[in-house]
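Tertiary structure, described
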Amino acid sequence: MSDENLQPVFQIQRVYLKDMSLEQPNSPAVFLEQEAPAIEVSLDVGATPLAEGIYESTVTITVTAKIKDKVAFLVEGKQAGIFEARNIPAEQLDPLLGIGCPNIVYPYLRANIADVITRAGFPPVHLAEINFEVFYQQRLQALTEAADAAPAASESAH
């Protein structure tokens, strides 16, 4: 086997819109409101192995706009990418899938969400840049804390 076969490989195979939904439960009345909507944004990322060295990375964003207590609109989008990642050390693969791939996929999702909101008749919502490294670290910390709390919870149940 030559050294060439052991070189790390990372390539984008495809980036695509996996899911997009729009709800406007209070239209058309909500268009008559003068007040600016309050915007809430939630984020999730995921990675799934598809084949040897091939992974799907997803970024899901939900944008909810409320005026007073009424939902003006709710948009949920899931952008995905298929990535080839071979000969990458195990300790580097998880951060690559949790930080690097979402950084590639997110700008597409951001544009798609802004487009859907505009097409729905609302002023565009331009989502902020996301530091996926910080998001990744927060998720790791939450998982660690949950794992540390689990044994204590099961011990107190006895």
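Up top you'll find the structure we're talking about.
Report follows, based on the coordinates. Residue indices begin from 1 for each chain and proceed along its sequence in written order. Given that the model is predicted, a residue must reach a pLDDT of at least 70 before its local features are reported, and side-chain atom pairs must reach 80 or more before they are shown or counted; all residues, however, enter totals for whole chains, interfaces and linings. The basis for every side-chain value is the complete set of non-hydrogen atoms in the structure, without hydrogens or water.

Turning next to the overall build of the protein chain. The helix count covers DSSP runs of H or I at least four residues long, the strand count covers runs of E at least two residues long, and both are numbered beginning at the N terminus. Within the protein chain, the regular secondary structure consists of two helices and four strands. For the protein chain, the α and β elements follow one another from N to C terminus as β-β-β-β-α-α. The atom set for the radius of gyration is the C-alpha atoms, and the globule formula is 2.2 Å times the number of residues raised to the power 0.38. Taken against the 2.2 N^0.38 rule, which gives 15 Å for 158 residues, the C-alpha radius of gyration of the protein chain at 20 Å runs more than 25% over that of a compact globule. Taking the principal axes of its C-alpha atoms as reference, the protein chain extends roughly 70 × 50 × 25 Å. Each residue is placed in one exposure class: buried if its accessible area under a 1.4 Å probe, protein chains only, is under 20% of its type's maximum, exposed if it is over 50%, and partly exposed if it falls in between. Split into buried and exposed, the 158 residues of the protein chain put 31% on the buried side. Taking contacts inside the protein chain between residues at least 6 apart in sequence as the whole, the part at least 24 apart equals 70%. If you sum the accessible surface of the protein chain, you get close to 9,800 Å²; carbon and sulfur atoms cover 53% of it. Two residues form a contact once any of their heavy atoms are found within 4.5 Å. Where accessible areas are quoted, they stem from the Shrake-Rupley method and a 1.4 Å probe; at the residue level, only the protein chains shown are allowed to cover.

Before going further, it helps to examine the sheet that holds strand β1 (residues 9-23). Across the sheet, four strands lie side by side as β1-β4-β3-β2; this open sheet has antiparallel pairing. Single-partner strands in this sheet number two, and they are β1 and β2 (38-51). Strand after strand, the sheet turns through a mean of 15° between neighbouring axes, direction not considered. As paired elements, β1 and strand β4 (residues 70-86) share 13 bridges and run antiparallel to each other. From the neighbouring strand, Val 9 faces β4, where its bridge partner is Arg 86. Every axis corresponds to a line fitted to the C-alpha atoms, with the helix fit spanning only the stretch in contact, and the corresponding angles, defined between N-to-C directions, vary from 0 to 180 degrees. Along the sheet, helix α1 (residues 90-119) contacts β1, β2, β3 (54-67) and β4; its crossing angle with β4, the most-contacted strand, is approximately 140°. Strand pairing is defined by DSSP finding a minimum of two bridges between the two strands.

Planes of paired rings set the category: under 30 degrees apart is stacked, over 60 is edge-to-face and the rest tilted, where pairs are Phe, Tyr or Trp rings (Trp by its six-membered ring) whose centres lie within 6.5 Å. Counted under the stated rule, the structure contains four aromatic pairs. Centroid distance Phe 73 to Phe 122: 4.7 Å. Interplanar angle 50°. Geometry classified as tilted. Of the two residues, Phe 73 is situated in strand β4 and Phe 122 in the loop between α1 and α2 (132-156); the sequence distance between them amounts to 49 residues. Grouping residues by exposure puts Phe 73 and Phe 122 together as buried. Seen in terms of ring centroids, Tyr 106 and Phe 132 are 5.7 Å apart; in terms of plane orientation they differ by 70°. Their pairing is edge-to-face. Placement of the pair is Tyr 106 in helix α1 and Phe 132 in helix α2, with a sequence separation of 26 residues.

Turning our eyes to something else, we now look at the pairing of β2. By the bridge criterion, 13 bridges tie β2 to β3 in an arrangement that is antiparallel. Bridge assignment links Val 41 to a residue of β3, and that residue is Val 63. Between the end of β2 and the start of β3, which pair antiparallel, lie two residues, with Gly 53 showing a positive phi angle near 75°.

Moving on: the side chain of Thr 58. Its location among the elements puts Thr 58 in strand β3. Look past the residues within four positions of Thr 58 in its chain and what remains in contact with it is Lys 18, Asp 44, Val 45, Gly 46, Lys 78, Gln 79 and Ala 80.

This brings us to the pattern of salt bridges. Oppositely charged side chains can form a pair if their charged atoms are brought close together. Here a salt bridge means any side-chain nitrogen of Lys or Arg lying within 4 Å of a carboxyl oxygen belonging to Asp or Glu. Under the criterion given, the structure shown has six salt bridges. Of the charged contacts, one joins Glu 129 and Arg 110 as a salt bridge, the two residues approaching to 2.4 Å between their closest N and O atoms. Taken together, the residues Glu 129 in the loop between α1 and α2 and Arg 110 in helix α1 connect sequence positions 19 residues apart. Classification of Arg 110 as partly exposed rests on a relative accessible area of 26%. Across the salt bridge formed by Asp 115 and Arg 119, the nearest N and O atoms sit 2.9 Å from each other. Of this pair, Asp 115 and Arg 119 both sit in helix α1, four residues apart, which is roughly one turn of that helix. What makes Arg 119 exposed here is its relative accessible area of 68%.

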